[in-house]
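Single-letter residue listing:
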Amino acid sequence: MKKKVAVIFTGGTISMTLNSETKAATPTLTSTDIMSLVHHIKDFTDLELIDFSAIPGPHMTPEKMMALSKVVEKKAKESHIDGIVITHGTDNLEETAFLLDLTVTTFKPVVVTGSMRNASELGYDGPSNLASAILTALHEDSRGRGVLVVLNDEINAAREVTKTHTMSLDTFKSLAFGPLGIVDSNHVMYYRKTTFKQIKLTTQEMVSDVALIKVASGMDSRLIDFLVHESVAGMVIEGMGRGNVPPGLMPGIQHAIEHNIPVVLVSRNPLGRLMPSYGYAGGGLSLKKAGVIMASNLNGQKARIALMLALGQTKNLDELTALFQQFSSVS
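Every value quoted in this text rests on a predicted model; they were computed, and no experiment measured them. Every chain is numbered on its own, with residues counted from 1 as its sequence reads. The predicted origin of the model limits local features to residues at a pLDDT of at least 70 and limits the giving and counting of side-chain atom pairs to 80 or more, whereas totals for whole chains, interfaces and linings rest on all residues. Processing note: side-chain calculations cover all non-hydrogen atoms of the structure and skip hydrogens and water entirely.

**Side note on the overall build of the protein chain**
Along the protein chain, the regular secondary structure elements total 9 helices and 16 strands. Computation of the radius of gyration draws on C-alpha atoms alone. For the globule rule, the value is 2.2 Å times the number of residues to the power 0.38. Relative to the compact-globule value of 20 Å for 331 residues, the protein chain shows a C-alpha radius of gyration of 21 Å, a close match. For the C-alpha atoms alone, the extent of the protein chain along its principal axes is close to 60 × 50 × 35 Å. When the 31 basic and 32 acidic side-chain charges of the protein chain are each reduced to a single mean position, those positions are 5 Å apart. Under the DSSP-based scheme used, a helix requires at least four consecutive residues in state H or I and a strand at least two consecutive residues in state E, with every element numbered from the N terminus. By the counting rule applied here, Lys and Arg register as positive and Asp and Glu as negative, while His and the ends of each chain are not counted. Lysine's charge is taken at NZ, arginine's at CZ, aspartate's at CG and glutamate's at CD.

**Re the pattern of salt bridges**
Each reported salt bridge corresponds to a side-chain nitrogen of Lys or Arg within 4 Å of a carboxyl oxygen of Asp or Glu. In total, this model carries 11 salt bridges according to the counting rule given. A salt bridge links Glu160 to Arg192; its shortest N-O distance comes to 2.6 Å. Of this pair, Glu160 sits in the loop between strand E8 (154-157) and strand E9 (162-163) while Arg192 sits in the loop between strand E12 (187-190) and strand E13 (210-214), and the two are 32 residues apart along the sequence. Taking relative accessible area as the criterion, Glu160 reaches 9% and is therefore assigned buried. One salt bridge connects Lys214 with Glu238, and the closest N-O pair in it is separated by 3.2 Å. Within this pair, whereas Lys214 is found in strand E13, its partner Glu238 is found in strand E14 (residues 234-239), the two being separated by 24 residues in sequence. The rule is simple: take the accessible area with a 1.4 Å probe, protein chains only, and divide by the maximum for that residue type; under 20% is buried, over 50% is exposed, in between is partly exposed.

**Points about the environment of Ala306**
With respect to the helices and strands, the residue Ala306 is situated in helix H8 (residues 300-311). By relative accessible area, which is 0% here, Ala306 ends up buried. Taking the C-alpha atoms as reference points, Ala306 and Phe327, 21 residues apart in sequence, are found 9.7 Å from one another. Whether two residues touch is decided by their heavy atoms; if any such pair falls within 4.5 Å, the residues are in contact. For Ala306, the residues in contact, after removing those within four places along its chain, are Phe98, Leu102, Leu201, Phe324 and Phe327.

**Notes on the sheet that holds E14**
Strands sit in the order E13-E14-E15-E16 across an open sheet of 4 strands; the sheet is parallel. The open sheet has two edge strands with one neighbour each: E13 and strand E16 (293-294). Two strands pair if DSSP finds at least two bridges between them. Bridge analysis of E13 against E14 gives 5 bridges, and the strand direction is parallel. Bridged to Ala211 within E14 is Met235. Orientation is described by axes fitted as lines to C-alpha atoms, over the contacting stretch for helices, and by angles from 0 to 180 degrees between their N-to-C directions. Sitting on the sheet, H8 touches E13, E14 and strand E15 (263-267), and the angle it makes with E14 is about 160 degrees.

**Things to note about the pairing of strand E11 (residues 181-184)**
Taken together, the 2 bridges between E8 and E11 define a ladder with antiparallel strand orientation. Its bridge partner lying in E11, Glu154 is registered against Ile182. Bridge count between E11 and E12: 4 bridges; the pairing is antiparallel. Bridging across to E12, Val183 finds its partner in Val188.

**Some words on the packing of helix H2 (residues 62-76) against helix H3 (residues 93-103)**
At their nearest, the axes of H2 and H3 sit 10 Å apart, and the two run at 50 degrees to each other. As the angle between them shows, H2 and H3 are arranged oblique. When you trace H2 past H3, the crossing you get is right-handed. Between H2, through Met65, Met66, Leu68, Ser69, Val72 and Glu73, and H3, the contact on the second element is made entirely by Glu95, Thr96, Leu99, Leu100 and Thr103. Class assignment of the residues belonging to the contact of H2 with H3 gives a composition of 6 nonpolar, 3 polar and 2 charged. Roughly parallel refers to an angle under 35 degrees, roughly antiparallel to one over 145, roughly perpendicular to one between 65 and 115, and oblique to any angle outside these ranges. By convention the crossing between two helices is left-handed if the near helix lies anticlockwise of the far one by an angle smaller than a right angle, and right-handed if it lies clockwise. In this count, Pro and Cys sit with the nonpolar residues alongside Ala, Val, Leu, Ile, Met, Phe, Trp and Tyr, while Asp, Glu, Lys and Arg are called charged and the others, Gly among them, polar.

**Points about the nonpolar core**
Counting 30 residues, the largest nonpolar core has Leu102, Val264, Leu309, Phe324 and Phe327 as its most contacted members. For this core, the secondary-structure elements that each account for two or more residues are H2, H3, E15, H8 and helix H9 (317-325). Counting residues per element, this core draws most heavily on H8, at 8 residues. Apart from the residues within four sequence positions on either side, Leu102 is in contact with Ile199, Lys200, Leu201, Thr202, Ala306, Leu309 and Phe327. Here, nonpolar core means buried Ala, Val, Leu, Ile, Met, Phe, Trp, Tyr and Cys residues that are tied together by side-chain atoms lying within 4.5 Å of each other.

**Thoughts on H8**
Between its terminal C-alpha atoms H8 stretches 16 Å, which fits the 16 Å expected from 12 residues at 1.5 Å a residue. With 10 of its 12 residues buried, H8 lies for the most part within the structure. Turning to H8, its buried residues are Gly300, Lys302, Ala303, Ile305, Ala306, Leu307, Met308, Leu309, Ala310 and Leu311. Close packing links the buried residues of H8 with H2, H3, E13, E14, E15 and H9. Helix span, as expected, comes to 1.5 Å for every residue beyond the first.

Structure follows, in structure tokens:
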């Protein structure tokens, strides 16, 4: 008896074709249309197709991500389902994959995939990516690894992967660690284990009113003061280097913390982790002493997802700090 994989379709470029009048890509393909292009996949598995949505990646909201998480969680509990694949737009695929990694509790493989080219383009990569994702979901060694991201025949961990290029087929990279494995000639091969300890922030609700600010030279506190005035639930700041900001941001950061608004710090650099090494005004040590939460080597968009979920569990700054400290733990 063949294993069964549930394929959940959310939209994205994998579902798009070019409009003959506008010459622009929009979602037009149904789940059946897409699967008809994945030749011979029924030789490997039985499939259950689920239409969750048909939207571009940028239309995916945190609320929709949470709704998707509940669908995945429910489907994973069904005994006849051996693995789950989700199709998604690549623009924010890593955010949805990371949210699923933090919220879905199952040892069954959960794999997210997409496409960099639409079905009207030469070299449409959707069918091959979907085939590789399904094969990964079928593989016994994919169990218990958390949510996986599979494109361009590479298998990456949702915790580690990020989109690195606007158009390249091999855009999804685990920059610091490399892929977990590959799919080669229909065979799934793993090279290593996931680097980081698996963390779950299971909650029935999330707080999506979390801002993300990228730091640049000479910035002052006006944006932060505005967010405090608007009673934002939390904010993530992409600081410089090891975790530093211009001194003009310090009054705003202190203002936010005084109003019990959690401030999470990440680096705007794509590689490396935070370290409160500098003691000057705006340096990492001064930020930590002020109550800023350090987010290890999460990037800004993933730290924002984590804070949204964490705020669904607690508003206490000490508890939030302890939660984020877990992201520096290795497995």
